[in-house]
Amino acid sequence: MVLKILKFPNPILRKKSVEVKNIDSRIVELLNNMAETMYAAPGVGLAAPQVGVNERLLVINPTAGEDKNQLIKIINPVIVDAEGEVIEEEGCLSIPGEYANVRRAAKVLIRGLDENGNELEIEAEDLLARVFQHEIDHLNGVLFLDRLSPTKRETIHKHIKKRIAAGDYIID
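These numbers were taken from a predicted model, which means no experiment stands behind them.

Participant: I tried to follow the side chain of Ser17 on my own but got confused; where do I start?
Facilitator: Looking at the secondary structure, you find Ser17 in the segment before α1 (25-40). Relative accessible area serves as the criterion here: at 5%, Ser17 is assigned to the buried category. Not counting the four nearest positions on each side in its chain, Ser17 is found in contact with Pro49, Asn54, Glu55, Arg56 and Leu139.

In structure tokens form, the structure reads like this:
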């Protein structure tokens, strides 16, 4: 089932998500629905807060669904190591139509659980590293806007306000 993606400035996007204590059928179904939602958007990553759920869950597919075998579902992900630095453009399904260059680590090591409760350890670089960092930020109530200079952030805020006034940016 495709879920509704919350848009900035929805306050749920600013809440820190809670750790998943019990992986049950509800969590598995939510991960599947999140993947379907991400593909429908289309996007390369989606965090549970973006669909109104305050739990530490992510789905990622750097191919935006072109290769379904690259789908990653991860529960309680954490970045345990990061190295290097790159600045590249990012966007967000919760802030549609807005993009900016964001500084991120070039490589990350992620740990978490799969939907069966097995431990996962993923070394990621390039786009996959960026998506992990972006989505884990969501779990901490952080948006890519928060990683911009105050001037750039204010420019995007003003642009969103104009889009809202023009009816081009609908907040439900």
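Participant: How should I be thinking about the sheet that holds strand β2 (residues 57-60) in this particular structure?
Facilitator: Note on sheets: strands pair through backbone hydrogen bonds, and any given pair is parallel or antiparallel. The 5 strands lie next to each other as β1-β2-β3-β6-β7, forming an open sheet whose pairing is antiparallel. Bordering the open sheet on either side are β1 (45-47) and β7 (119-125), each of which pairs with just one other strand. The average undirected angle you get between the axes of adjacent strands in this sheet is 40°. Sheet topology places β2 next to strand β3 (residues 72-83); 4 bridges connect them, and they run antiparallel. Residue pairing across strands places Leu58 opposite Ile74, the latter belonging to β3.

The rules behind the values
Residues numbered from 1 in each chain as written. Predicted model: local features only at pLDDT ≥ 70, side-chain atom pairs only at ≥ 80, totals over all residues. Heavy atoms only, no water. Helix = DSSP H or I, 4+ residues; strand = E, 2+ residues; numbered from the N terminus. Buried < 20%, exposed > 50% of the residue type's maximum accessible area, 1.4 Å probe, protein only. Contact = heavy atoms within 4.5 Å. Pairing = 2+ DSSP bridges. Axes fitted to C-alpha atoms, helices over the stretch in contact; angles between N-to-C directions.

Function-wise, these values are silent; they only describe arrangement.
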